[in-house]
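What follows is the residue order along each chain.
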Amino acid sequence: FLIHLETFINEAAARSQKVLLVIDEAQRLSPEMLEQIRVFSNFEAPDKKVISCIFAGQSEFLEMLKPNRALSQRIFFSHILHPLTETETAAYIAHRLAVAGALKPIFTPDAMRAVYELAEGNPRLTNIVCDQALLSGYSYNLQTIGPDIIRECAENTLVSREVPPEPAFAHDAGAPPAEVNAGDAVPAAAQDPG
């Protein structure tokens, strides 16, 4: 992969193009992989940086950066998304349903409140609970999901409520920062390749 990436970066530089490398689940990178990314981030065309990196991962990624001072000193933007409020959770659920094509509300206000209480504002858990509730609602041939379905999902879920904080998001100075909102569920750290 790294050989292909290097070839791609060289070709982009030859065409005066910019490369944006987005790494999800960045907490899974080894120290050796982080060092290789740092080396790639040094690649420059005569007039500009060629590659910028955005890291998205769990908050422990920020701790992983500390031993690699050369890379961590290039981080220019870091952001941690905190749990959603009850109002934000309801808006998040409504938005996700609208994007999926729902033409009317599916979760009652009490169901949304139950989702918030169960997921404690964590977007990933909110998604899991809502997915399970939609599946249960479908199996019961329901048009609307109430708090009883949410409670049933809470009793049957295999997902621990003890989840790590949402991921860290990292962005380097070579590219404009990506827009992050509560629906993206990505906390953040950013790399300046220069």
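That block above? That's the structure.
Presented here is an overview of the structure given in this document.

How each quantity is defined
- Residues numbered from 1 in each chain as written.
- Predicted model: local features only at pLDDT ≥ 70, side-chain atom pairs only at ≥ 80, totals over all residues.
- Heavy atoms only, no water.
- Helix = DSSP H or I, 4+ residues; strand = E, 2+ residues; numbered from the N terminus.
- Contact = heavy atoms within 4.5 Å.
- Core = buried A, V, L, I, M, F, W, Y, C linked by side-chain atoms within 4.5 Å.
- Buried < 20%, exposed > 50% of the residue type's maximum accessible area, 1.4 Å probe, protein only.
- Salt bridge = Lys/Arg side-chain N within 4 Å of Asp/Glu carboxyl O.
- Expected span 1.5 Å × (residues − 1).
- Polar contact = N/O pair within 3.5 Å; in protein donor to acceptor, adjacent residues only side chain to side chain.

**Thoughts on the overall build of the chain**
Here comes step 1: Secondary structure assignment for the chain yields eight helices and five strands.
Here comes step 2: Mapped from its N terminus to its C terminus, the chain presents α and β elements in the order α-β-α-β-α-α-β-α-α-α-α-β-β.
Here comes step 3: Residue pairs at least 24 apart in sequence account for 71% of intrachain contacts in the chain once pairs closer than 6 positions are excluded.

**Observations concerning the nonpolar core**
Here comes step 1: Among the nonpolar cores identified, the biggest contains 19 residues, and Ile 9, Ile 23, Leu 29, Leu 34 and Phe 55 are the most heavily contacted of them.
Here comes step 2: Of all elements in the fold, only helix H1 (2-14), strand E1 (19-23), helix H2 (31-41), strand E2 (51-57) and helix H3 (60-65) reach the threshold of two or more residues within this core.
Here comes step 3: If you tally residues by element for this core, the top one is H1, at four residues.
Here comes step 4: In this view, Ile 9 contacts Val 19, Phe 40, Phe 43, Val 50 and Ile 51; residues no more than four positions away in its chain are not counted.

**Section: the pattern of salt bridges**
Any two side chains of opposite charge can pair, so long as their charged atoms come close to each other.
Here comes step 1: Following the criterion strictly, the structure yields six salt bridges and no others.
Here comes step 2: Between Lys 66 and Glu 63 there is a salt bridge, with the nearest N and O atoms lying 3.0 Å from each other.
Here comes step 3: Look at Lys 66 and you get exposed, because its relative accessible area is 53%.
Here comes step 4: When the shortest N-O distance is used, the salt bridge between Asp 110 and Arg 113 registers 2.5 Å. Of this pair, Asp 110 and Arg 113 are both found in helix H6 (residues 109-119), three residues apart, which corresponds to roughly one turn of the helix.

**Some remarks on helix H7 (residues 123-139)**
Here comes step 1: With 17 residues, H7 should cover 24 Å at 1.5 Å per step; its first-to-last C-alpha distance of 24 Å lies within 8% of that length.
Here comes step 2: For H7, the side-chain oxygen to backbone nitrogen distance between the N-cap and Arg 124 is 2.9 Å, and the N-cap itself is Asn 122.
Here comes step 3: Of the residues one or two after H7, Asn 141 is the one with positive phi, at around 60 degrees.

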